[in-house]
Amino acid sequence: MKKFIQLHPTDNVVIALVELSAGQDISDLQYSTTLNQDVEKGHKIALSNIKKGEHIIKYGAPIGYALADIKAGDWVHTDNVKTNLHDELIYRYEPEVSVLAKLEDSSPSVQIYRRDNGNIAIRNELWVIPTVGCVNGMAKHMVDRFLKKHPDLEIDGVFVFPHQFGCSQLGDDLATTKVLLQNMARHPNAGGALVVGLGCENNQVSGVKLGIQDTDPERVKFLITQHVEDEVEAGIELLEEIYAKMKHDKRVPGRLSEVKFGLECGGSDGLSGITANPMLGMFSDYLIARGGTTVLTEVPEMFGAETILMRRCKDEETFNDLVEMVNGFKRYYKEHNQPIYENPSPGNKKG
């Protein structure tokens, strides 16, 4: 098993794949050095002397600069490296020529749910969506009772999405909650949805309903619990009606390129950038070359690596949109007197 890896031939650091001890030799065809300290798994080791202020190169890109002189064989970590991240920047459009040709015709066949509005789903679930945190427990009780009646469920699951919002929210905060819940009710993986409100909250059921009038009334239903005698029984009755419609949905052949994939950050460690992240990047390239879509979120986690993304923008208009998104987030941080930084938690830094 390899004990270390250089991710790009221009890197001036290697990554420890196991815990290494001081005095061990780090050598390959292109480099050779000896460890000056013990180094934890996933952490960086300098391949050559790096002067104070010089870039630390990893993945073939500068990830930070040296806070002090670093000797070959030194452990490279937060005590001697600082991010290159700066305030709002002026970026230049310097596209990277993609070697990927469009391959729509070679997209693999997959089994999907095709909704009446043309949207594609990979699951057929019944979602219960509270408009306010006050009905979370009630909604869970409805679902528990419903599932007891249907031990051999003919769909992919019934789920409640509890939250603590909707009661006394105002302005943009309330509007954002409403839009999120409306989008959930429209989500193609929800073959049916029951929107449950209390009746006295700011986030009224009527307001949520107003924004999703284009949904199938047999699949998306609404309940105001203060308007019925027995809210749990009323909820179960509506779930039964939705389920009766949904359980006949069948998977049909489709193309992988039709499915949209969301990429999510989990708890990172030093090996994420060697294994999981490159794999998802390669998968994204594979899918996009075939006309598909992946979605990258969490803009602050792009900080410091945004130029790599900018080089991959398909055209200058998209590049300008990305620049505004990144700089816009930085402005948001500044307006709220928060530091602009690359957003790693202490656990991420350690890992």
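Our subject is the structure that appears above.
Chains are numbered independently. Their residues run from 1 in the order of the written sequence. Predicted model: local features are reported for residues with pLDDT of at least 70 only, side-chain atom pairs are reported and counted for 80 or more only, and whole-chain, interface and lining totals are derived from all residues. Just so you know, side-chain values use all the structure's heavy atoms and leave hydrogens and water out.

### Looking at unusual backbone geometry
Now for step 1: Of note, the phi angle at Tyr-59 is positive, near 60°, even though the residue is not glycine.
Now for step 2: In this structure, Tyr-59 sits in the loop between β6 (55–58) and β7 (61–66). The helix count covers DSSP runs of H or I at least four residues long, the strand count covers runs of E at least two residues long, and both are numbered beginning at the N terminus.

### Focus on the pairing of β7
Now for step 1: We treat two strands as partners when DSSP finds at least two bridges between them. As defined by bridge partners, β6 adjoins β7 across four bridges and the pair is classed as antiparallel. Bridged to His-55 within β7 is Tyr-65.
Now for step 2: Between β6 and β7, which pair antiparallel in sequence order, lie two residues; one of them, Tyr-59, sits at a positive phi of approximately 60°.
Now for step 3: As judged from the two bridges shared by β7 and strand β9 (residues 81–82), these two strands associate in the antiparallel manner. Within β9, the position partnered with Tyr-65 by the bridge is Lys-82.

### Here's the deal with the nonpolar core
Now for step 1: Counting 23 residues, the largest nonpolar core has Leu-126, Met-142, Leu-194, Val-196, Leu-223 and Leu-239 as the members making the most contacts within it.
Now for step 2: Elements with a contribution of two residues or more to this core: β12 (125–130), α1 (136–149), β14 (190–197) and α4 (231–246).
Now for step 3: Of all the elements, α4 adds the most residues to this core, at eight residues.
Now for step 4: Whether two residues touch is decided by their heavy atoms; if any such pair falls within 4.5 Å, the residues are in contact. When residues no more than four places from it in sequence are discounted, the contact partners of Met-142 are Leu-194, Val-196, Leu-223, Thr-225, Glu-231, Val-232, Gly-235, Ile-236 and Leu-239. To qualify as a nonpolar core, a set must consist of buried Ala, Val, Leu, Ile, Met, Phe, Trp, Tyr and Cys residues joined through side-chain atoms within 4.5 Å. We call a residue buried when its accessible area falls under 20% of the maximum for its residue type, exposed when it is over 50%, and partly exposed in between, using a 1.4 Å probe and counting protein chains only.

### Considerations on the packing of aromatic side chains
Now for step 1: Put simply, two rings from Phe, Tyr or Trp (the six-membered ring, in Trp's case) pair if the centres are within 6.5 Å, and we call them stacked under 30 degrees between planes, edge-to-face over 60, tilted for the rest. Tallying each qualifying case throughout the model produces five aromatic pairs.
Now for step 2: Residues Trp-127 and Phe-161 carry aromatic rings whose centres are separated by 4.8 Å and whose planes lie at 55° to one another, so their mutual orientation is tilted. You can see Trp-127 sitting in strand β12 and its partner Phe-161 sitting in the loop between β13 (158–160) and α2 (171–186), a full 34 residues away along the chain.
Now for step 3: The exposure class assigned to Trp-127 is buried, which follows from its relative accessible area of 7%.
Now for step 4: For a Lys NZ or an Arg CZ to count as sitting over a ring, it must be within 6 Å of the ring centre and within 35 degrees of the ring normal. Over the ring of Tyr-286 we find Arg-290; its NZ or CZ atom is 3.7 Å from the centre of that ring.

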